Amino acid sequence: MAINEYKYGGVLMTKPYYEKENAILVHADSFKLLEKIKPESMDMIFADPPYFLSNGGMSNSGGQIVSVDKGDWDKISSFEEKHDFNRRWIRLARLVLKPNGTIWVSGSLHNIYSVGMALEQEGFKILNNITWQKTNPAPNLSCRYFTHSTETILWARKNDKKSRHYYNYELMKEFNDGKQMKDVWTGSLTKKSEKWAGKHPTQKPEYILERIILASTKENDYILDPFVGSGTTGVVAKRLGRKFIGIDYEKEYLKIAKKRLNKGATYGL
Ligand code: SAM
């Protein structure tokens, strides 16, 4: 591949849906698009892939009974299919990550064990297992389980002895009142004030992305989100002066992401 075929910051080979001030959104299937990103060009990848929990069940949201189904993108028929999905996107993501780059993947019990295994199978070394403890989780309607109140975020680097990942130890310590930052992060579900641009069923809170980005990247670094949804990673990356590429195959979600990128992050302002 000739190097000058990569436009848009020298890293992308296709016309974006949106491009402004170092933030790019691409309307595409990540399985195809990742091959159009320059190999070893990304400093960090944050991925919030489908959790595959849409099984026709019910949950509680703000006091209302709602379906847990997120959309067709969140449905899968077997464990094998789920694991194959995770192995394939992680393999492609690895190709675009710099040798010293890192990847963060969020998930719940429905997918995170497959993600962890896929990371190791595809040549990653897991650095941390972050538990995001939600202070206001939805109650469990069936009363047959403990309330699901956590999600997991795995942080990994390439499993290569020469790989030297970046960790802003001092800043994380400062955030934790001078003590080492732990791998349990406590906070609320995404606030209504961050959901002003439209409805996405799994919008992440901005404070989670802020910590991830500050911990593992420097200003002007390239960040990729192959399942960008409503654009949370992008708005925080932009506010913190990082370059950003986000991909989603649902136009409706990219419209929300575009609105948010045009306005800027809510958190911390
Ligand atoms: N972190 C996001 C946010 O804060 O809004 C939510 C991400 S959501 C869990 C996963 C997203 O991946 C959905 O918006 C879905 O449309 C998208 N998606 C699923 N499979 C995809 C694929 N193969 N290519 C591109 N996008 C995909």
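See above for the structure.
Residues numbered from 1 in each chain as written. Predicted model: local features only at pLDDT ≥ 70, side-chain atom pairs only at ≥ 80, totals over all residues. Heavy atoms only, no water.

> With reference to specific residues and values, describe the overall build of the protein chain.
Secondary structure summary: the protein chain contains seven helices and 11 strands in total. Relative to the compact-globule value of 18 Å for 269 residues, the protein chain shows a C-alpha radius of gyration of 18 Å, a close match. Looking at the protein chain residue by residue over its 269 residues, the buried ones come to 48%. Approximately 13,700 Å² of the protein chain is accessible, and the part contributed by carbon and sulfur atoms is 49%. Side chains of the protein chain give 42 positive and 31 negative charges; the mean places of these two sets differ by 2 Å. (Helix = DSSP H or I, 4+ residues; strand = E, 2+ residues; numbered from the N terminus. Rg over C-alpha atoms; globule rule 2.2 N^0.38 Å. Buried < 20%, exposed > 50% of the residue type's maximum accessible area, 1.4 Å probe, protein only. Areas by Shrake-Rupley, 256 points an atom, 1.4 Å probe, with all protein chains shown as cover. Lys, Arg positive; Asp, Glu negative; His and termini not counted. Charge placed at Lys NZ, Arg CZ, Asp CG, Glu CD.)

> Help me get a handle on the site of the ligand, residues and values and all.
S30, D48, S230, T232 and D248 are the nearest of the 22 residues found near the ligand. Taking H200, its side chain carries an N or O atom lying 2.9 Å from an oxygen atom of the ligand. Between the ligand and the protein, one listed contact pairs an oxygen atom with a side-chain N or O atom of D248 at 2.7 Å. Here the shell around the ligand is built from residues that sort into 10 nonpolar, seven polar and five charged. (Near = heavy atom within 4 Å. Polar contact = N/O pair within 3.5 Å; in protein donor to acceptor, adjacent residues only side chain to side chain. Nonpolar A, V, L, I, M, F, W, Y, C, P; charged D, E, K, R; others polar.)

> Go over the pattern of salt bridges, please, and point to the residues and values.
Pairing between side chains of opposite charge can happen when their charged atoms approach one another. Counted according to the given criterion, the structure contains 11 salt bridges. A salt bridge links D43 to K98, with the nearest nitrogen and oxygen atoms 2.9 Å apart. Of the two residues, D43 sits in strand β3 (residues 42-47) while K98 sits in strand β6 (residues 97-107), which places them 55 residues apart along the sequence. Put simply, E122 and R87 hold a salt bridge, and the shortest N to O gap is 2.7 Å. Taken together, the positions of E122 in the loop between α3 (112-121) and β7 (124-134) and R87 in helix α2 (residues 79-96) put the pair 35 residues apart, joining distant regions of the chain. Sharing partners across several salt bridges, the network here consists of D48, K134, E151 and K204. (Salt bridge = Lys/Arg side-chain N within 4 Å of Asp/Glu carboxyl O.)

> So what's going on with α2? Residues and values would help.
Spanning 18 residues, α2 covers 27 Å between terminal C-alpha atoms, matching the ideal 26 Å at 1.5 Å per step. Residues of α2 that are buried: K82, H83, F85, N86, W89, I90, L92, A93 and V96. (Expected span 1.5 Å × (residues − 1).)

> Got a sec to walk through the packing of aromatic side chains? Specific residues and values, please.
Overall, the coordinates contain eight aromatic pairs when judged by the stated rule. Arranged with centres 4.7 Å apart and planes meeting at 15°, the rings of W104 and W155 form a pair that is stacked. Placement of the pair is W104 in strand β6 and W155 in strand β8 (residues 150-158), with a sequence separation of 51 residues. With respect to burial, W104 and W155 carry one shared label: buried. Between the aromatic rings of W155 and Y167, the centroid separation amounts to 5.8 Å while the plane-to-plane angle is 55°, which identifies the pairing as tilted. One end of the pair, W155, is in strand β8; the other, Y167, is in the loop between β8 and α4 (169-175), with 12 residues separating them in the sequence. Grouped by ring-pair contacts, the aromatic residues F31, F52, F85, W89 and F227 constitute a single cluster. The residue whose ring lies beneath R88 is F31, and the NZ or CZ to ring-centre distance is 4.4 Å. For K263, the ring lying beneath its charged end belongs to W196, and the centroid distance is 4.7 Å. (Phe/Tyr/Trp six-rings, centres within 6.5 Å; stacked < 30°, edge-to-face > 60°. Lys NZ or Arg CZ within 6 Å of the ring centre and 35° of its normal.)

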